[in-house]
Amino acid sequence: MKKSNFIPVSQPIFLGNEKKYLINCIDTGWISSLGKYISVFEKKFSNYCGVKYGVAVANGTVALHLLLKTLDINKNDEVIIPDLTFIATANAVSYTGAKPVMIDSDMDSWNINVDLIERYITPKTKAIIAVHLYGQPCNMKKILYIARKYNLLLIEDCAEAHGAEFDNKKIGSFGVGGCFSFYGNKVITSGEGGMIVTNNKKIFEKLLFLRDHAMSTKKRYYHSEIGFNYRMTNLQAAVGLAQLEKIDKILNLKNEIEKEYIENLADIGNIKFQKIFYDRKKICWLFSALVNENKTKNRNGLINHLLKNNIDSRPFFIPMTNLPPYYCKRKNSNALFLSKKGINLPSSINICESQIKYICKKIKNYFFVKSFY
Ligand SMILES: *Cc1c(COP(=O)(O)O)cnc(C)c1O
């Protein structure tokens, strides 16, 4: 196969006004962090989430950091997070000096096991970050109950689940703030970028303040504390806004991709799909599944086999407690299990049915060397 036939895991696709809005930025000179697209993007994205306010920032990691700082999370505090997540969740907590406390996964949702959370709450615990991993919403009913019972702040990491819902309510709207990422491989992208959505006016104002070096709104160059430059540029917001205008279409296309994978892989039994819960609406970010092992076949073998056939894929994240900065002797067995078996398959919205069929055929080839397919 030629290199041009390589099927990437994810590729940003521009369906709408991206170019038009970008050219407008250049023509008008508004390329930095002032300009109309930023506030329009903030308004429309928070609206999409059913939340009052949006604060656009440079990326998803600093969205989490800025929110934690705004909530006054500091050293000596503890923040509960899932062990299985992208490292940005844990790092954002570490930047504040607080300690991330890593909790094992639930085998059905692949998210934080809500039945374990209470065991890890101490007098130092200040917040819980619910991460909606691989497009699947957490059990927000149970997490909200725990947060209220122990008076903890609830933060949502929505970087992989734009548009997902729990109890018919969009994720990002459950806690004090929801953090999103618009990195190149996320559901919608602004190149690099992120946003915090919140219903709380005080938090909204503090986020704006800290995002801009904690500068007084009354007295120019007066800074009452150490803030940050975490601003998003108008160029990024231009792309983000154009992507947001197509988010329903993008999510529908990704749904179709997921359906086709499931149809084509349902009969082989070696692949386990994400669970559908009656109380939540998952979205498809990157098609995600678990690979059953046997004596000779496993997830890493499948990744190599696909790569030989010009098909890109990704293993699941490594649990935080298995990484040097957060290494812990006590192991979270479910997180490790999922990390070892999970795979993301190509899910760009421009992938065609014949490519998905080809990928699934190669997966079957891997498990059944003499294939009928
Ligand atoms: C991508 C991601 C982030 C961070 O977003 P960036 O924009 O890359 O900084 C945070 N949390 C999770 C779960 C992510 O997948």
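Residues numbered from 1 in each chain as written. Predicted model: local features only at pLDDT ≥ 70, side-chain atom pairs only at ≥ 80, totals over all residues. Heavy atoms only, no water.

### Re the packing of helix α8 (residues 247-265) against helix α11 (residues 353-367)
For the pair α8 and α11, interaxial distance at closest approach is 10 Å and the crossing angle is 35°. In this structure, the crossing between α8 and α11 has a hand that is right-handed. Contact with α8, carried on its side by Ile-257, Glu-260, Tyr-261, Asn-264 and Leu-265, involves Glu-353, Ile-356, Lys-357, Ile-359, Cys-360, Ile-363 and Lys-364 of α11 and no other residues of that element. The class makeup of the residues in the contact of α8 with α11 is 7 nonpolar, 1 polar and 4 charged. (Axes fitted to C-alpha atoms, helices over the stretch in contact; angles between N-to-C directions. Helix = DSSP H or I, 4+ residues; strand = E, 2+ residues; numbered from the N terminus. Left-handed = near helix turned anticlockwise from the far one by under 90°. Contact = heavy atoms within 4.5 Å. Nonpolar A, V, L, I, M, F, W, Y, C, P; charged D, E, K, R; others polar.)

### Brief notes about the domain arrangement of the protein
Size of an interface: often given as the accessible area lost when the parts come together. Parsing the protein into structural domains produces domain 1 (18-244) and domain 2 (247-372). Relative placement of domain 1 and domain 2: their C-alpha centres are 26 Å apart. Across the boundary between the two partners, domain 1 contributes 41 residues, which contact 35 residues of domain 2. Summed over both sides, the interface of domain 1 with domain 2 buries roughly 3500 Å², with 61% coming from carbon and sulfur. Among the residues domain 1 hides against domain 2, the three largest losses belong to Met-107, Trp-110 and Tyr-134. Together they make up 23% of the total. Where domain 1 packs against domain 2, one counts 2 salt bridges. As a salt-bridge pair, Glu-165 and Lys-281 come within 3.7 Å of each other at their nearest N and O atoms. Run the count over domain 1 and domain 2 and you get 21 residue pairs in polar contact (both at pLDDT 80 or more). (Domains from an automatic or database assignment. Buried area = accessible area lost by both parts, 1.4 Å probe. Salt bridge = Lys/Arg side-chain N within 4 Å of Asp/Glu carboxyl O. Polar contact = N/O pair within 3.5 Å; in protein donor to acceptor, adjacent residues only side chain to side chain.)

### Some details on the nonpolar core
Of all hydrophobic cores here, the largest spans 78 residues; its most connected members are Phe-41 and Phe-45. The greatest single-element share of this core, amounting to 6 residues, is contributed by helix α3 (residues 60-70). Viewed by domain, this core spans two of them, domain 1 (18-244) and domain 2 (247-372), each represented by three or more residues. Membership of the second largest hydrophobic core comes to 23 residues, among which are Ile-271, Cys-284, Leu-306 and Phe-367. (Core = buried A, V, L, I, M, F, W, Y, C linked by side-chain atoms within 4.5 Å. Buried < 20%, exposed > 50% of the residue type's maximum accessible area, 1.4 Å probe, protein only.)

### Remarks on the site of the ligand
By nearness alone, 14 residues border the ligand, and Gly-60, Thr-61, Glu-160, Ser-181 and Lys-186 come closest of all. Here the ligand, which alone exposes 380 Å², has 93% of that area covered by the protein. The residue makeup of the shell around the ligand, split by class, is 4 nonpolar, 7 polar and 3 charged. (Near = heavy atom within 4 Å. Areas by Shrake-Rupley, 256 points an atom, 1.4 Å probe, with all protein chains shown as cover.)

### What about the pairing of strand β2 (residues 78-82)?
Burial within β2 is extensive, with 5 of its 5 residues counted as buried. Strand direction decides the pairing type here: β2 and strand β3 (residues 99-103), joined by 5 bridges, are parallel. Bridging from a neighbouring strand, Glu-78 pairs with Lys-99 of β3. Handedness of the β2-helix α4 (residues 87-95)-β3 crossover: right-handed. Bridge count for β2 against strand β4 (residues 125-131) is 3 bridges, and the pairing is parallel. If you follow Val-79 over to β4, its bridge partner there is Ala-127. (Pairing = 2+ DSSP bridges. Right-handed = clockwise from strand over helix to strand, strands pointing away.)

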